[in-house]
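# Notes for the structure review
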Amino acid sequence: MIKLYLGRFRKNRLAVAGLAVVAALALAALAAPWIRPWNPFAQNLLERLQAPSLAHWMGTDDLGRDVFSRLLLGTRISLSVGFVAVGISLVIGTTLGLCAGFFGGWPDMIVMRLVDIMLSIPTLFLILAVLAFLGPNIYNVMVIIGLTAWPGLARLVRGECLSVREREYIQAARLAGVSAPRLLFVHLLPNVVAPILVSATLGVGGAILTESALSFLGLGVQPPSPSWGNILSIGRDYLHVAWWLSLFPTVAILVTVLAFNLLGEGLRDVLDPRT
Amino acid sequence: MLTIQNLSVEYYRGKQTVPAVCDVSLTVGDGEAVGLVGETGSGKSTVALAIMRLIRPSEGRISAGHILFGGQDLLALPDPLMRNLRGRRIAMIFQDPFTALNPVMRIREQMAEVLTAEPERDPEPQRMRYTPGEALSLVQLDPSRILDAYPHQLSGGQRQRVLIATAILRGPELLLADEPTTALDVLVQKEILDLLFRLQKELKAGMLFISHNLALVAQYTQRVAVMKAGAIVETGVAAELFRHAEHPYTQMLLAAVPRWRVP
Amino acid sequence: MEAQHLAKSFAIEGGLLKRTLGYVHAVQDVSFSIAPGETMAIVGGSGCGKTTIAKMVASLLSPNQGRLLWEGVPLTTLSRVERARHIQMIFQDPFASLNPKLSVGVQLGEALRIATGVVDVRKRAAELLESVGIEPDALVHYPFQFSGGQRQRIAIARALAPGPALLIADEPLSALDVSVQAQILDLFTRLKKSLGLTILFITHDLVVASLQADRVIVLQDGRIVEEGPADETLRHPQHLYTRALLDAVPSVPV
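Now for a look at the structure at hand.

## A short note on the arrangement of the chains
- Across the 2 pairs of chains in contact, the largest number of contacts is found between chains B and C.
- If you take every C-alpha in chain A and every C-alpha in chain B, the smallest gap between them is 10 Å, and the two do not touch.

Here you go:
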């Protein structure tokens, strides 16, 4: 079965490209302390706002710090925000969605109303308000993005669950006397895991975008810690004199989100032969 | 009227091609009903798709043969002329009446589409044609109730009648029916097939009736071709086939028909 | 097995507020009993309520009225595992009735472990597969690797795993090719003899029903219109509807 999926995945060139970029980013994030050419925190006011050169591949910022080294460290932060936030929303969304879809009745009623409420709150403003209240730091950012990203996933899982629940193989398993937890986790979950995986992959891109937006607004990762968003935020002030300060973080965000989306779409095609 | 000569069709599987139909020859005379019998994967539906030229270029191709219809080779016909033929002179009735109708269009609109798809210049004179109301009456439906209905308001049997009515709108010379009743139960199946073949006789249209059920095919058609693994293994007059089938596969299909234990 | 005055209706909901607009009476006042070792067929056109009855007997649906007794004891008082040991079901579409993500071995093994005290589950599962004419190495394979007929055999093996006394077969042939249908029918006949199974056979084909069953119930619009020994019903159908069903079956001219 896995062989079949691998074979189909390999044929999907865009998805393979997406996976390659994601893998390269993950590797860069892990190896950042060893491969960065400069100390990302070392200021050098004599060399501030230098254009890209052999010494500073992506130039320097307003305090003379090496942009490439800061972007590398930012990769680490952006990816961890993406993965942790999606991890949190995955656990909440899948659990609630499965319960709602499988049990129906009042658990379904409660979960779905909760989803409706969450979806009707403008998420970014909620995040901004909470961060303003709790204080902006990287951990709060991860948790709050995770806590607001699950409703879509819960709704998706519930829908899949509702249709799979009525399939004959689930009824056959019931007849064989399979207990409810086993029915839920062994029989039902593997049949809804494909859309969950796809949505999670797409979610990582979304979380990275949200983190960048928050850092850009000054409520995400706090200087001097670098993140793609706050480098971009500095770049805005020097847009006319130092284009490199805006360009490289933008490209980083764009490429990363694009890679995750390609990977997600690819997974959807591979795991769901209907399309 | 329809002559298929040495037709071969292959489908693409990755870089390889898989033969679906091999060297099939078959004729349907004017007003004649011919049965094409075979099991899943025998290539019988592919033959129908090839006649209609509905095999997607991305999925497969007709690798050899000719399909002559009224003296023209359909396979050599330019696309616009083929579009003229489809639905007008050759009509197809599909297997699943639940997916062959567009769920968001009223029956009136779906039937009108066939009529308004009028070619700029009609190369052939019209034989006859019906208004949607007349066609529905012919399939024993009440036009005043059905025309403004949506597909979901109709039963499976009613939808299949609507599909038949749509197929005869332009007075086609050839009808292709691919397992038109497998989604229906035996009682509705009998009603629909009785109706379909009565209309075929009235229209004096040729008919290629495709099914996996040999007994059913023999009941309604004069000649039967049996297909296995892409090739025709036996052709014969229906009644004769039952008395002495030659090919072991035909004998097996016959043996599979439940016989009554009582005379 | 006995069914007393079964009735089931489904609410038709409509509009934005999901108000109940009315009820479809799928099954109305149906009573029957099946003796051990007997094969009974329930025959009728689509929408006659035959599948609803099958699902109620299998406890997949609960009746609005009436009750189901197993050797005099209401089915509802039995535990999940006890019910699994008594009653199993085979579904119409073998492409939908096996879990695509679990290997054949897992699906058979689970049914064995839950309902029986078999120690060597693997060996027993292989035996079950052999009894339905499937190679034992199928255990490690997934459903998508099998044809429709093979899947239906595997589904039968799974249904047999708990060692049920009553097997419900809901149109087990209609999704299969004609030649495969004959093989599966033979398999039923063989299993019935060797295992002494009681079978509730649901079909729209009166001829198949009569060949397979000892007794036949003809159902129309959720009510029993005719009931009797299979031979008798086929030879002298009493009710108009039964005659229509019989006429509609395409058969070989003899």
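## Describing the pairing of strand 8 (residues 198-203) of chain C
All names here are of chain C.
- Counting buried positions along strand 8 gives 6 out of 6 residues, so the element sits mostly inside the fold.
- The side-chain alternation of strand 8 yields two buried faces, one formed by T198, L200 and I202 and the other by I199, F201 and T203.
- Across 5 bridges, strand 3 (residues 39-43) lies against strand 8 in parallel orientation. What sits directly across from I42, in strand 8, is I202.
- In this structure, strand 7 (residues 166-170) lies alongside strand 8, joined through 5 bridges in parallel fashion. Bridge pairing in strand 8 links L167 to I199.
- The parallel pair strand 7 and strand 8, bridged by helix 6 (residues 178-195), forms a crossover whose chirality is right-handed.

## Thoughts on the sheet that holds strand 9 (residues 223-228) of chain B
Residues and elements named next belong to chain B.
- Strand order in the open sheet formed by 6 strands is 6-7-8-3-9-10, with mixed pairing between adjacent strands. What marks the edges here is a single partner per strand, and that holds for strand 6 (90-93) and strand 10 (231-237). With direction set aside, neighbouring strand axes in the sheet form an average angle of 15°.
- With 4 bridges connecting them, strand 3 (residues 33-37) and strand 9 associate as parallel partners.

## Comments concerning the interface of chain C and chain A
- Across the contact, 24 residues belong to chain C and 18 residues belong to chain A.
- Each partner contributes to the roughly 2,000 Å² buried at the junction of chain C and chain A, and carbon and sulfur atoms together form 61% of this total.
- Three residues, R80, K101 and E110 of chain C, lead the burial of chain C against chain A; their summed loss comes to 27% of the area buried on that side.
- A salt bridge links E110 of chain C to R182 of chain A, with the nearest nitrogen and oxygen atoms 2.6 Å apart.
- Summed over the shared surface of chain C and chain A, the number is 7 residue pairs in polar contact (both at pLDDT 80 or more).
- Among the secondary structure elements, those contributing two or more residues to the side of chain C that touches chain A are helix 2 (80-86), strand 6 (87-90) and helix 3 (104-115) of chain C.
- Considering each element in turn, the side of chain C that touches chain A owes the most residues, 4 residues, to helix 3 of chain C.
- In the side of chain C that touches chain A, the residues fall into 14 nonpolar, 4 polar and 6 charged.

What counts, and at which threshold
Residues numbered from 1 in each chain as written. Chains lettered and ligands numbered in written order. Predicted model: local features only at pLDDT ≥ 70, side-chain atom pairs only at ≥ 80, totals over all residues. Heavy atoms only, no water. Contact = heavy atoms within 4.5 Å. Buried < 20%, exposed > 50% of the residue type's maximum accessible area, 1.4 Å probe, protein only. Helix = DSSP H or I, 4+ residues; strand = E, 2+ residues; numbered from the N terminus. Pairing = 2+ DSSP bridges. Right-handed = clockwise from strand over helix to strand, strands pointing away. Axes fitted to C-alpha atoms, helices over the stretch in contact; angles between N-to-C directions. Buried area = accessible area lost by both parts, 1.4 Å probe. Salt bridge = Lys/Arg side-chain N within 4 Å of Asp/Glu carboxyl O. Polar contact = N/O pair within 3.5 Å; in protein donor to acceptor, adjacent residues only side chain to side chain. Nonpolar A, V, L, I, M, F, W, Y, C, P; charged D, E, K, R; others polar.

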